[in-house]
Amino acid sequence: MELAYIPSPSRGVLYLGPIPLRGYAFCIIIGVFVAVWLGNRRWIARGGRAGTVADIAVWAVPFGLVGGRLYHVITDYELYFSEGRDWVDAFKIWEGGLGIWGAIALGALGAWIGCRRRGIPMPAYADAVAPGIAFAQAIGRWGNWFNQELYGRETDLPWALRITSSADGRVPGFYHPTFLYESLWCVGVALLVIWADRRFKLGHGRAFALYVAAYCAGRFWIEYMRVDDAHHILGLRLNNWTALVVFLLAVVYMVLSAKKRPGREAVVEPGAAEDATGTETTEADGDKDGGAKTEGKAETEPDDGTEDAVAAGAGETRDEAESAKKS
């Protein structure tokens, strides 16, 4: 008898009348909002305008979703194009199946287009959104829990994940909750990037490269635990090789970038600094004008009839003195 385990939801979709509410989709949407919110705060702190991250995300997010789906369909083509399969299922993104490697690759292309349209350096934008992307992945992984997918080997640990579905070849039982392992790892990656960025003032894409390297390190051992079908090369799953290659590329980039362009970008968004300076100048001018008006008022305040009254009083006193002398 199992005393403790992580239960799986009985179903991954609820219906609001005829409208399906899918847990997988909700996790993706919430993750995107968190990434944009945090990225916006970091972008403003770096000297950018509010709203810029969201504007560029309009390009990056759709590209990322398409890229993630393409990577999954290409690397697991037999799920959609083999005998007995329906190729239309390749478009059913709500049923799960997004490859992070394709999502980051095409998402970066979309972000590059958005940055280019606004004249923003792509590496600076990538540094700002890096922790948010990690948090988004942490939230998005819970979509796999709703779908009862991508779990690890069988285990009797107290935090084992109980799989109850038998669809698509699943065998009900207790397995390593690799979705949870990756979710927690991504939270750690996000916190690491935030700390390192504050401590070492990372710039020119190095914060993003740190996120990529740290994520790949965790993805390598988590991927090694999974038991879902995957292509193998020299005994390793394809995603293991991908994580290893991308990890090395990220580390090389950090080293070369630090030597070639140390420090941070002085300006991350053209015009943002001028806007802030212009606002301060306007306020200062307003204070200056107010001071001038006050000084002017102070100079003219004596001319309020007081001097005339004093002169008239003096004249009357003089007339009375002369009258008294004559009498």
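Residues numbered from 1 in each chain as written. Predicted model: local features only at pLDDT ≥ 70, side-chain atom pairs only at ≥ 80, totals over all residues. Heavy atoms only, no water.

Caption draft 1: Just empty space enclosed by the protein, in detail. Overall, the coordinates contain 1 cavity of 30 Å³ or more when judged by the stated rule. Taken as a whole, the largest cavity holds about 30 Å³ of empty space. In terms of lining, the largest cavity is formed by Arg141, Asn144, Leu150, Thr178, Phe179, Glu182, Ile222 and Arg226. Per-element tally for the lining of the largest cavity: the top contributor is helix H7 (residues 178–200), with 3 residues. In terms of residue class, the lining of the largest cavity is made up of 3 nonpolar, 2 polar and 3 charged. (1 Å grid on protein atoms, 1.4 Å probe; cavity = no way out; pocket = protein on both sides within 12 Å on 5 of 7 lines; lining within 4 Å. Points joined across faces, edges and corners; volume = space filled by probe spheres on them. Helix = DSSP H or I, 4+ residues; strand = E, 2+ residues; numbered from the N terminus. Nonpolar A, V, L, I, M, F, W, Y, C, P; charged D, E, K, R; others polar.)

Caption draft 2: Geometry of the environment of Asp228. In this structure, Asp228 sits in the loop between helix H8 (206–225) and strand S5 (232–233). Separated by 75 residues in the primary sequence, Asp228 and Arg153 have C-alpha atoms spaced 9.3 Å apart. Each residue touching Asp228, except ones within four places of it in the same chain, is listed here: Leu150, Tyr151 and Arg237. (Contact = heavy atoms within 4.5 Å.)

Caption draft 3: Up close: the confidence of the model for the protein. With 82% of its residues at a pLDDT of 70 or more, the protein shows a mean pLDDT of 85. Taken as a whole, residues 291–327 scores under 50 in pLDDT and shows 0 contacts with residues more than four places along the chain or in a different chain. (pLDDT = per-residue confidence, 0-100.)

Caption draft 4: Here's a closer look at the pattern of salt bridges. The tally for this structure, following the rule as stated, stands at 14 salt bridges. Overlapping salt bridges, with partners in common, bring together Arg141, Glu182, Arg219, Glu223, Arg226, Asp228 and Arg237 in one network. (Salt bridge = Lys/Arg side-chain N within 4 Å of Asp/Glu carboxyl O.)

Caption draft 5: Here's a closer look at the nonpolar core. In this structure, Trp101, Val189, Val193, Phe208, Tyr211, Val212 and Tyr215 are the most contacted members of the largest nonpolar core, which totals 24 residues. Those elements giving two or more residues to this core turn out to be helix H4 (100–118), helix H5 (122–140), H7, H8 and helix H9 (238–260). In terms of residues, this core owes the most to one element, H8, which gives 9 residues. With 13 residues, the next largest nonpolar core counts Trp43, Ala57, Ala111 and Ala124 among its residues. (Core = buried A, V, L, I, M, F, W, Y, C linked by side-chain atoms within 4.5 Å. Buried < 20%, exposed > 50% of the residue type's maximum accessible area, 1.4 Å probe, protein only.)

Caption draft 6: Layout of unusual backbone geometry. The backbone of Leu150 sits at a positive phi, close to 55°, despite the residue not being glycine. Summarising the element assignment, Leu150 is placed in the loop between helix H6 (142–147) and strand S3 (161–163). Relative accessible area serves as the criterion here: at 24%, Leu150 is assigned to the partly exposed category. Even without glycine at this site, Leu234 takes up a positive phi of about 55°. Positionally, Leu234 belongs in the loop between S5 and strand S6 (236–237).

Caption draft 7: Seen up close, the pairing of strand S1 (residues 13–16). One ladder, built from 4 bridges, connects S1 with strand S2 (residues 19–22); its direction is antiparallel. Note on S2: the bridge partner recorded for Leu14 is Leu21. Between S1 and S2, which pair antiparallel one after the other, the connecting turn spans 2 residues, and Gly17 there sits at a positive phi close to 70°. (Pairing = 2+ DSSP bridges.)

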